[in-house]
Amino acid sequence: MAALILVRYGEIALKGKNRSYFEKALFNNLKSALRNFEARVIRKHGRFFVSGPAAAEDKMIDRLRKVFGVVSVSSVRTTPLEIGAIEKTALEIAADRSSPEHSFKVETRRANKQFPLTSPEINRLIGAAVLKKNPHLKVDLHDPSFRIAIEIGPEAAFIFQDRVAGPGGLPVGVTGRALLLLSGGIDSPVAGWMALKRGLSLEAIHYHSYPYTSLRSREKVIDLCRQLTASGIRLPLHLVSVTEIQREIREHCPPELGIILLRRMMLRLAEELSRNRSLQALVTGESLGQVASQTLESISVISEVTPMLILRPLLGMDKHEIVDRAAQIDTYEISIRPYEDCCTLFVPQRPATRPKLQRVLEAEAALDTAKLVTAALEAAELQIMES
Ligand code: ATP
Ligand code: MG
């Protein structure tokens, strides 16, 4: 038997004129998420239905529940619009579930008002039938051990048990294109996930200092990036060496400004790459107050270097919330692998926490920034990540 999966979406249904645009994007993203399965996706009555091989059902659900824009998914059975057929399927579900369980609840939603029975009537009828066949069960409306959910649609009824929550948000691609500054840390992958959730399609840039940073730390970033593609999207990853830039900074600039100057170079590189790739904004994992470079003064002096919009989705989050999210999206375990980041190399004893722009500009005058940017981007590597 083929599996049938009901995919519910939320926010996008509310967006008036944009609705069909968003639905189309979600449809494409669902298809892309399922590209390795022999699955069909159709849209009907404000939902999507996915059919595919029963043996792949769990794997398809696992994929679908990660697609941005999806509110929840359920494995459903369909029946004709007859109470007898609905009852038969409900009894099959109860037979599967009733042995370890002891209570249940029937929940009906009647979208099709032509159906001759009301929702409470259906609940009572089906509940009574289940009780009769399974006398050890009882009805528990507040905390049932399993549910039988019934939806009376226009052409068929759908019967299911669980709703697996999706991430919600908007389909990737509908709000624009941005460049994620992806380090190997805990924060930036979460920032990327949050940007994707708001409908941005992303490319990522990672700065490394090979051979001072190891190939392991490069692998780590590649793994993080791949994890961000778990919903089926593609994510181009640009790997850019800043070894030469760091060398120049160390040679010509005051050590306490090293981090700030490196960060400004990172933004210059990001801006130039964005121009080449038609990306409209930058996304970082910056927060406030976590580290020396994240005082308001530092962030201002660093971002002064570019006119580009910089999105910082983590600004409102506490560290533990970021860590929880990282665990949930399966980036945490990768992020805590102990490999060094380019910024942790050459860290001065006492980095400036309240840098003055004037001093930074003077120090920077010792660098040929345009030449450094061009050279670093010419040597950049591009990997297309997908999963
Ligand atoms: P993360 O956990 O993402 O590394 P963090 O808390 O360590 O962040 P910082 O080291 O101050 O904070 O970095 C701030 C942001 O700058 C990062 O979230 C990331 O967006 C960007 N960034 C830092 N290092 C790199 C790097 N090597 N490559 C690309 N982006 C970087
Ligand atoms: Mg970091």
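Residues numbered from 1 in each chain as written. Chains lettered and ligands numbered in written order. Predicted model: local features only at pLDDT ≥ 70, side-chain atom pairs only at ≥ 80, totals over all residues. Heavy atoms only, no water.

1. Side note on the overall build of the protein
Here comes step 1: Looking only at helices and strands, one finds 13 helices and 15 strands in the protein.
Here comes step 2: Projected onto the principal axes, the alpha-carbon positions of the protein cover approximately 85 × 40 × 35 Å.
Here comes step 3: Per-residue burial for the protein yields a buried fraction of 50% across its 387 residues.
Here comes step 4: Counting only contacts in the protein whose residues sit at least 6 apart along the sequence, the fraction spanning at least 24 positions is 80%.
Here comes step 5: With an accessible surface of roughly 18,700 Å², the protein has 52% of that area assigned to carbon and sulfur atoms. (Helix = DSSP H or I, 4+ residues; strand = E, 2+ residues; numbered from the N terminus. Buried < 20%, exposed > 50% of the residue type's maximum accessible area, 1.4 Å probe, protein only. Contact = heavy atoms within 4.5 Å. Areas by Shrake-Rupley, 256 points an atom, 1.4 Å probe, with all protein chains shown as cover.)

2. Observations concerning the domain arrangement of the protein
Here comes step 1: Each assigned domain of the protein is listed with its residue range as follows: domain 1 (2–165) and domain 2 (176–386).
Here comes step 2: Here the C-alpha centre of domain 2 lies 43 Å away from the C-alpha centre of domain 1.
Here comes step 3: At the interface, nine residues of domain 1 touch eight residues of domain 2.
Here comes step 4: Between domain 1 and domain 2, roughly 740 Å² of surface is buried when both sides are summed, and carbon and sulfur atoms account for 52% of that area.
Here comes step 5: If you sort the residues of domain 1 by the area they bury against domain 2, R35, K66 and F68 come out on top, with a joint share of 65%.
Here comes step 6: A salt bridge links R35 to E386, with the shortest nitrogen-to-oxygen separation between them at 3.8 Å.
Here comes step 7: Joining domain 1 to domain 2, the criterion identifies two residue pairs in polar contact (both at pLDDT 80 or more).
Here comes step 8: Top element by residues in the side of domain 1 that touches domain 2 is helix α1 (residues 19–33). It accounts for three residues.
Here comes step 9: Broken down by class, the residue content of the side of domain 1 that touches domain 2 amounts to three nonpolar, two polar and four charged. (Domains from an automatic or database assignment. Buried area = accessible area lost by both parts, 1.4 Å probe. Salt bridge = Lys/Arg side-chain N within 4 Å of Asp/Glu carboxyl O. Polar contact = N/O pair within 3.5 Å; in protein donor to acceptor, adjacent residues only side chain to side chain. Nonpolar A, V, L, I, M, F, W, Y, C, P; charged D, E, K, R; others polar.)

3. With respect to helix α2 (residues 57–64)
Here comes step 1: Those residues of α2 that fall on the buried side of the exposure criterion are E57, M60, I61, R63 and L64. Looking down the long axis of α2, one finds its buried residues gathered within 160° of arc, a one-sided arrangement. Opposite the buried face of α2, at more than 90 degrees from it, the exposed residues are D58 and K59.
Here comes step 2: Of the surrounding elements, those touching the buried residues of α2 are β1 (2–9), α1, β3 (47–53), β4 (70–79) and β9 (164–165). (Arc of directions from axis to C-beta.)

4. A few points about the packing of helix α5 (residues 187–197) against helix α10 (residues 319–328)
Here comes step 1: The contact between α5 and α10 brings their axes to 9 Å, and the two run at 75°. Looking at the two axes, α5 sits roughly perpendicular to α10. Facing D187, V190 and W193 of α5, the residues of α10 in contact are K319, I322, R325 and A326.
Here comes step 2: Its residues assigned to classes, the contact of α5 with α10 shows four nonpolar, no polar and three charged. (Axes fitted to C-alpha atoms, helices over the stretch in contact; angles between N-to-C directions. Parallel < 35°, antiparallel > 145°, perpendicular 65-115°, else oblique.)

5. Re the side chain of S217
Here comes step 1: If you trace the backbone, S217 turns up in helix α6 (residues 215–228).
Here comes step 2: S217 gets classed as buried once you look at its relative accessible area, which sits at 6%.
Here comes step 3: Within the local environment of S217, its side chain forms a polar contact with the backbone oxygen of S214, the two atoms lying 2.9 Å apart.

6. Focus on the sheet that holds strand β12 (residues 235–241)
Here comes step 1: Taking strand neighbours across the sheet as the criterion, the six strands line up as β14-β13-β10-β11-β12-β15 in an open arrangement whose pairing is mixed. The open sheet is flanked by β14 (309–311) and β15 (381–385), the only strands paired with a single partner. On average, adjacent strands in this sheet sit at an angle of 30° to one another, irrespective of strand direction.
Here comes step 2: Strands in contact with α5 are β10 (176–181), β11 (200–208) and β13 (281–283); relative to β11, the strand with the most contacts, it is inclined by about 165°. (Pairing = 2+ DSSP bridges.)

7. Considering the packing of aromatic side chains
By convention here, two paired aromatic rings are described through the distance between centres and the angle between planes.
Here comes step 1: Tallied over the entire structure, the rule returns six aromatic pairs.
Here comes step 2: Ring geometry for Y21 and F22: centres 5.7 Å apart, planes at 35°, overall tilted.
Here comes step 3: For F22, a relative accessible area of 6% corresponds to the buried category.
Here comes step 4: Taken together, the ring pairs in this structure connect Y9, F27 and F48 into an aromatic cluster. (Phe/Tyr/Trp six-rings, centres within 6.5 Å; stacked < 30°, edge-to-face > 60°.)

8. As for the pattern of salt bridges
Any two side chains of opposite charge can pair if their charged atoms end up close together.
Here comes step 1: One pass over the structure, following the stated rule, counts 29 salt bridges.
Here comes step 2: Close ionic contact of R226 with D223 constitutes a salt bridge, the shortest N to O distance being 3.5 Å. Separated by three residues within a single helix, R226 and D223 lie in helix α6, roughly one turn from each other.
Here comes step 3: R234 is paired through a salt bridge with E386; the nearest N and O atoms lie 3.8 Å apart.

9. Some remarks on the side chain of S72
Here comes step 1: The topology assignment puts S72 in strand β4.
Here comes step 2: Since its relative accessible area comes to 6%, S72 is described here as buried.

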